[in-house]
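# Notes for the structure review
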Amino acid sequence: MTRILVPTALSLAMLATALSPGGIRTAAAQELSRLERVRAELPAEAARSIERTLAEARRLGLPTEPLIDKALEGAAKKVQPARIVEVVQGLAERLRHAQSLLDASATPSDITAVADALQRGVPDEAVRALRTGAPGGASIAASVHTLADLLDRGVPMGAALDAVQEWRGRAKNALELRELPAAVERLIREGVLPEQAAAAVASAVRDGGRPAAAGPPPGVGPGKAPGPEKGVPVAPGKGKGKGKGKGKG
């Protein structure tokens, strides 16, 4: 029954399928089966609390599948029932907040991806920026996930957002978007600072290339970190002035 309550989130073809008698029965049967598993795995009071959370999520048009997944995951890991209820309620709140950051065309996958990104430290402003820059109302699920991956690799928010926006501006496919974090990580391993690595990847995309083709910035070779710029004083005791002929006394 969840899909019925998602407003304008599906394409016409998907909407027709979801609203068909067969589609409704299948979705309802799948959710009921999973709810039965929750009831079987958890004490009655915990299961009832989760069902109330699910009912409220349906009322708000939120995806319920992640909530059931989280409950079943907790049960499988033998987490205390009270903690499972708390985690499921927290996820429901993040889904609600994610929905508030998106527009009416947001799909369940968009809402779920944004909720996950919020948990990983992506700020509201970045989500709004991605939403505003989405070409033709396209899904932002892959973009916000990639942004979170770049932040995990130490890329500053501004540089990470620039790299993702550069890709979106060039209308590359989702496969190439998933290459962004890997390309940045490769450059970081070669000694490039995270911000410089993200800028190099964004430049490669801007020039019409793929993220994987990005090379280190000028002056930064593979296997070495950026050295001091020309004309910048070197700290005493470091660099060329240290060596033979400078013994004691």
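Everything here concerns the structure above.
Overview of the structure.

About the thresholds
Residues numbered from 1 in each chain as written. Predicted model: local features only at pLDDT ≥ 70, side-chain atom pairs only at ≥ 80, totals over all residues. Heavy atoms only, no water. Core = buried A, V, L, I, M, F, W, Y, C linked by side-chain atoms within 4.5 Å. Buried < 20%, exposed > 50% of the residue type's maximum accessible area, 1.4 Å probe, protein only. Helix = DSSP H or I, 4+ residues; strand = E, 2+ residues; numbered from the N terminus. Domains from an automatic or database assignment. Contact = heavy atoms within 4.5 Å. 1 Å grid on protein atoms, 1.4 Å probe; cavity = no way out; pocket = protein on both sides within 12 Å on 5 of 7 lines; lining within 4 Å. Points joined across faces, edges and corners; volume = space filled by probe spheres on them. Nonpolar A, V, L, I, M, F, W, Y, C, P; charged D, E, K, R; others polar. Salt bridge = Lys/Arg side-chain N within 4 Å of Asp/Glu carboxyl O.

### Quick word on the nonpolar core
With 59 residues, the main nonpolar core has Ile50, Leu67, Val114, Val122, Val127, Val144 and Leu147 as its most contacted residues. Of the residues forming this core, the biggest block, eight residues, is contributed by helix α5 (residues 81-101). Three or more residues apiece are contributed to this core by two domains, here domain 1 (11-101) and domain 2 (124-215). Those residues within four positions of Val122 in sequence are excluded, and the remaining contacts are Ala117, Val127, Val144, Leu147, Ala148 and Leu151.

### Section: the layout of surface pockets
Taken as a whole, the second largest pocket spans an internal volume of roughly 190 Å³. Every residue lining the second largest pocket is listed: Pro66, Lys70, Val87, Leu91, Arg94, Leu95, Thr112, Ala115, Asp116 and Gln119. Taken together, the elements giving at least two residues each to the lining of the second largest pocket come down to α4 (65-76), α5 and α6 (108-119). Residue composition of the lining of the second largest pocket, by class: five nonpolar, two polar and three charged.

### A look at the pattern of salt bridges
What the rule picks out here adds up to 16 salt bridges. Salt-bridge contacts for Glu36 lead to Arg39; the nearest nitrogen and oxygen are separated by 2.7 Å. Highlighted residues: Glu36 and Arg39, both in helix α2 (residues 21-41), separated by three residues, approximately one helical turn. We classify Glu36 as partly exposed; its relative accessible area is 43%. Residue Arg39 is classed as partly exposed on the basis of its relative accessible area, which comes to 31%. A salt bridge links Glu45 to Arg48; the shortest N-O distance between them is 3.0 Å.

### Regarding the environment of Leu118
Tracing the backbone through its elements, the reader meets Leu118 in helix α6. The spatial distance from the C-alpha of Leu118 to the C-alpha of His145 is 10.0 Å, given a sequence separation of 27 residues. Among residues more than four places away in sequence, those in contact with Leu118 are Arg94, His97, Ala98, Leu101, Asp124 and Val127.

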